[in-house]
Amino acid sequence: MLAKAMVHSNGDCSLEDLKVYITNGTYKLMVFVEDEKVVAAVVYFLRTIPSFRMFYIVALSGKTSHEHMDMMYNFAKANGADRVRYACRDSVARLSSMKYGFNKIYNTVEKLL
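Residues numbered from 1 in each chain as written. Predicted model: local features only at pLDDT ≥ 70, side-chain atom pairs only at ≥ 80, totals over all residues. Heavy atoms only, no water.

Engineer: Looking at this structure, how should I read the sheet that holds strand β1 (residues 28-34)?
Structural biologist: Strands belonging to one sheet form pairs held by backbone hydrogen bonds; the direction of such a pair is parallel or antiparallel. One open sheet accounts for 4 strands, arranged β1-β2-β3-β4; its pairing is mixed. Of all the strands in the sheet, the pair left with one neighbour each is β1 and β4 (83-86). For this sheet the average axis-to-axis angle between neighbouring strands, irrespective of direction, equals 35°. Sheet analysis places β1 next to strand β2 (residues 37-48), joined by 7 bridges and oriented antiparallel. Among the inter-strand pairings, Val31 is bridged to a residue of β2, identified as Ala41. (Pairing = 2+ DSSP bridges. Helix = DSSP H or I, 4+ residues; strand = E, 2+ residues; numbered from the N terminus. Axes fitted to C-alpha atoms, helices over the stretch in contact; angles between N-to-C directions.)

What follows is the structure in structure tokens.
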């Protein structure tokens, strides 16, 4: 399931990288289960910066629902986060805004050296 998300990672992270980071505890894996079947997965980490603590999504794949997202938000809050962030394509940003109330805060640009 997460392999599908890695297609859109721009080469920043591979499925093998995710496995290593999850195994060594750098990233965590959250799964959503319905009728004893995994329907969605989130790879995340918690990050504290001077102004706030965030639940940062590294990869999200599968079919999420409002119930799943609410469970994730509650988990993030219980772990001290006051916001959820992730980097994504414009189309996913629009969908996240319409479906889940996310706000676009940055554009990411890059210059290879």
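Engineer: What's the story with the layout of surface pockets in this structure? I'm lost.
Structural biologist: Sizing a probe to match a water molecule and rolling it over the atoms shows the empty space that remains. In this model, the largest pocket occupies a volume close to 1800 Å³. Lining the largest pocket are 46 residues, and of these Tyr86, Ala87, Cys88, Arg89 and Val92 sit closest to its centre. Listed by contribution, the elements that provide at least two residues to the lining of the largest pocket are α1 (2-6), β2, β3 (53-62), β4 and α4 (90-100). (1 Å grid on protein atoms, 1.4 Å probe; cavity = no way out; pocket = protein on both sides within 12 Å on 5 of 7 lines; lining within 4 Å. Points joined across faces, edges and corners; volume = space filled by probe spheres on them.)

Engineer: Can you help me understand the packing of aromatic side chains in this one?
Structural biologist: In this description, an aromatic ring pair is defined by two values, namely the gap between the centres and the angle between the planes. Taken as a whole and assessed by the stated rule, the structure comprises 8 aromatic pairs. Between the aromatic rings of Phe45 and Tyr56, the centroid separation amounts to 5.2 Å while the plane-to-plane angle is 25°, which identifies the pairing as stacked. A residue pair is termed long-range when its members are at least 10 positions apart, and Phe45 in strand β2 and Tyr56 in strand β3 qualify at 11 residues. Judged by relative accessible area, Phe45 falls into the partly exposed class, the value being 22%. Geometrically, the ring pair formed by Tyr73 and Phe102 is tilted, given 6.5 Å between the ring centres and 55° between the ring planes. Linking Tyr73 in helix α3 (residues 66-78) with Phe102 in the segment after α4, this pair joins segments that are 29 residues apart in sequence. Members of the aromatic cluster, each reached through a chain of ring pairs, are Tyr21, Tyr27, Phe45 and Tyr56. Over the ring of Phe52 we find Arg83, and its NZ or CZ is 3.6 Å from the ring centre. (Phe/Tyr/Trp six-rings, centres within 6.5 Å; stacked < 30°, edge-to-face > 60°. Buried < 20%, exposed > 50% of the residue type's maximum accessible area, 1.4 Å probe, protein only. Lys NZ or Arg CZ within 6 Å of the ring centre and 35° of its normal.)

Engineer: What am I meant to see in the side chain of Thr64 here?
Structural biologist: Within the fold, Thr64 resides in the loop between β3 and α3. Among the polar contacts listed, one links the side chain of Thr64 to the side chain of Tyr100, at a separation of 2.8 Å. Look past the residues within four positions of Thr64 in its chain and what remains in contact with it is Ala40, Met69, Lys99 and Tyr100. (Polar contact = N/O pair within 3.5 Å; in protein donor to acceptor, adjacent residues only side chain to side chain. Contact = heavy atoms within 4.5 Å.)

Engineer: Explanation requested: the nonpolar core in the structure shown.
Structural biologist: If you look at soluble globular proteins, the nonpolar side chains tend to sit buried side by side. Membership of the largest hydrophobic core comes to 16 residues, with the highest contact counts inside it found for Met30, Phe32, Val42, Phe55, Ile57, Met72 and Val84. Elements supplying a minimum of two residues to this core: β1, β2, β3, α3 and β4. Element by element, the count of residues in this core is highest for β2, at 4 residues. Among residues more than four places away in sequence, those in contact with Val42 are Lys28, Leu29, Met30, Phe32, Phe55, Ile57, Ala59, Leu60 and Met72. Within the second largest apolar cluster, 9 residues are counted, among which are Leu2, Ala5, Leu18 and Tyr27. (Core = buried A, V, L, I, M, F, W, Y, C linked by side-chain atoms within 4.5 Å.)

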